[in-house]
Amino acid sequence: MLAPIKTFSRSFIQETALLGRWAKARVFNDETRDQRVFVMKNFLPEDTFKEIQTIALENRDLFFRKSGFNRAGAALGRHELLDSTCASVVEGLINDAFLDKVRRESGIEDLHYVTPEDRNQISLLYYAEAGDGIDWHFDGNIYLGQRWAGIFPLFEETNDDTTKLELEVNGEVMTFDRKEVHNTLLLFQGDQVKHRVRPMNDNEERLVVNLLFSPTPDMTSNPMLRLYQTWVNYMFYGKLDK
């Protein structure tokens, strides 16, 4: 009798905390929210990085392209990557050694990849047409724990000194040196740190891996949060499922 009550109580607390994190960022702009950003340089051995970079660049024609009111670009989610000639990108980045290094360098020892059923666990994002990018936003979160986004730039050739990715941390815009960001894992909570990808210009190109981690990768039961994520999946991948 007590076990179901304890399970319900724990779930209720987690669901309430998830809504609290949502409101902290989007409604109250609470500056005490967790806005840590980890910059992990030279993350992979250079030959491993080059191999993943080459595979992704050679398969740019596989990406699904979609434009909406606040985002334009192309993408491939986990499921599509595994069914394509980019499968080795997943194998190279979703493994115990990679995860262990993320844990060591961030100090978040209980970090996990989100569930493999979620196509956002790993995705390739490609911006190559004039206007491609995404405006300032917070990510949605359908997990009961913190949602850590890992941005792993593979290639960025633009006319700018800094990357197209910008973060707003404690009210200040944070940028990264474009020439030094390759093979660097940028880890932050996308539902707590507002961010954007500035619009691409003609003859500019940007290709990144997006990874998702959570200390508690259990999905919420909140229908509105899950519906929002379904819409996001459609905008990025042209798919309505996870």
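As shown above, the structure is provided for reference.
Residues numbered from 1 in each chain as written. Predicted model: local features only at pLDDT ≥ 70, side-chain atom pairs only at ≥ 80, totals over all residues. Heavy atoms only, no water.

*Asks:* Just to check I follow, could you spell out the overall build of the protein for this structure?
*Replies:* Along the protein, the regular secondary structure elements total six helices and 12 strands. Taken over the C-alpha trace, the protein has a radius of gyration of 18 Å; the compact-globule value for 242 residues is 18 Å, and the two agree within 12%. Reported as C-alpha extents along the three principal axes, the dimensions of the protein are approximately 60 × 35 × 35 Å. Taking all 242 residues of the protein together, 51% fall into the buried category. Long-range pairs, those at least 24 residues apart, make up 82% of the contacts in the protein with a sequence separation of at least 6. In the structure as shown, the protein presents an accessible area of about 11,700 Å², 52% of it carried by carbon and sulfur atoms. In the protein, which carries 29 positive and 38 negative side-chain charges, the distance between the mean positions of the two groups comes to 5 Å. (Helix = DSSP H or I, 4+ residues; strand = E, 2+ residues; numbered from the N terminus. Rg over C-alpha atoms; globule rule 2.2 N^0.38 Å. Buried < 20%, exposed > 50% of the residue type's maximum accessible area, 1.4 Å probe, protein only. Contact = heavy atoms within 4.5 Å. Areas by Shrake-Rupley, 256 points an atom, 1.4 Å probe, with all protein chains shown as cover. Lys, Arg positive; Asp, Glu negative; His and termini not counted. Charge placed at Lys NZ, Arg CZ, Asp CG, Glu CD.)

*Asks:* Just checking my understanding: could you explain unusual backbone geometry for this structure?
*Replies:* As a rule of thumb, non-glycine residues mostly have phi less than zero, and peptide bonds are mostly trans rather than cis. Here the phi dihedral of Asn170 falls at roughly 55°; this positive angle occurs in a residue that is not glycine. With respect to the helices and strands, Asn170 occurs in the loop between strand 8 (165-169) and strand 9 (172-174). Judged by its relative accessible area of 47%, Asn170 falls in the partly exposed class. In the Ramachandran plot, Asn183 falls in the positive-phi region, its phi being about 65° despite a non-glycine side chain. Topologically, Asn183 is positioned in the loop between strand 9 and strand 10 (185-189). On the accessibility criterion, Asn183 (2% relative accessible area) is buried.

*Asks:* Would you explain the pairing of strand 7 (residues 148-157) in this entry?
*Replies:* Counting buried positions over the 10 residues of strand 7 gives eight, a clear majority of the element. Of the pairings in the sheet, the one linking strand 7 to strand 10 comprises four bridges and is antiparallel in character. Paired with Ile151 across the strands is Leu186, a residue of strand 10. (Pairing = 2+ DSSP bridges.)

*Asks:* Is there a simple way to think about the pattern of salt bridges in this case?
*Replies:* When charged atoms on two side chains of opposite charge get close, those side chains can pair. Tallied over the entire structure, the rule returns 14 salt bridges. Among the ionic pairs, Lys101 bridges to Glu105, the shortest N-O distance being 3.9 Å. On the criterion of helical spacing, the pair formed by Lys101 and Glu105 is a turn pair, its members being four residues apart in helix 5 (residues 96-106). Each of Asp160, Lys164, Glu166, Arg196, Arg198 and Glu204 takes part in one network of salt bridges that share partners. (Salt bridge = Lys/Arg side-chain N within 4 Å of Asp/Glu carboxyl O.)

*Asks:* Could you clarify how one ought to interpret the side chain of Asn59 in this entry?
*Replies:* Topologically, Asn59 is positioned in the loop between helix 2 (46-58) and strand 2 (64-67). Given the relative accessible area of 11%, Asn59 is considered buried. Here the side chain of Asn59 touches Ile55 through a polar contact of 2.7 Å, landing on its backbone oxygen. Dropping the residues within four chain positions of it, Asn59 is found in contact with Thr85 and Cys86. (Polar contact = N/O pair within 3.5 Å; in protein donor to acceptor, adjacent residues only side chain to side chain.)

*Asks:* Even after reading the chapter, I still don't get the environment of Leu93, so can you show me in this structure?
*Replies:* By secondary structure assignment, the location of Leu93 is in helix 4 (residues 87-93). For Leu93, a relative accessible area of 0% puts it in the buried group. Once the C-alpha coordinates of Leu93 and Leu227 are considered, the two residues, 134 residues apart in sequence, prove to be 28 Å apart. Once residues within four sequence positions are removed from consideration, Leu93 is found in contact with Leu44, Ile52, Phe98, Tyr113, Ile122, Phe152, Val209 and Leu211.

*Asks:* How should I be thinking about the layout of surface pockets in this particular structure?
*Replies:* To find leftover empty space, one rolls a probe the size of a water molecule over the atoms. Looking at the largest pocket, its volume works out to about 510 Å³. As for the largest pocket, its lining consists of 29 residues, and the residues nearest its centre are Ile134, His137, Asp139, His195 and Phe236. Contributions of two or more residues to the lining of the largest pocket are made by strand 5 (122-127), strand 6 (133-137), strand 7, strand 11 (194-197), strand 12 (205-214) and helix 6 (223-237). No other element matches helix 6, which puts seven residues into the lining of the largest pocket. Residue composition of the lining of the largest pocket, grouped by class: 17 nonpolar, eight polar and four charged. (1 Å grid on protein atoms, 1.4 Å probe; cavity = no way out; pocket = protein on both sides within 12 Å on 5 of 7 lines; lining within 4 Å. Points joined across faces, edges and corners; volume = space filled by probe spheres on them. Nonpolar A, V, L, I, M, F, W, Y, C, P; charged D, E, K, R; others polar.)

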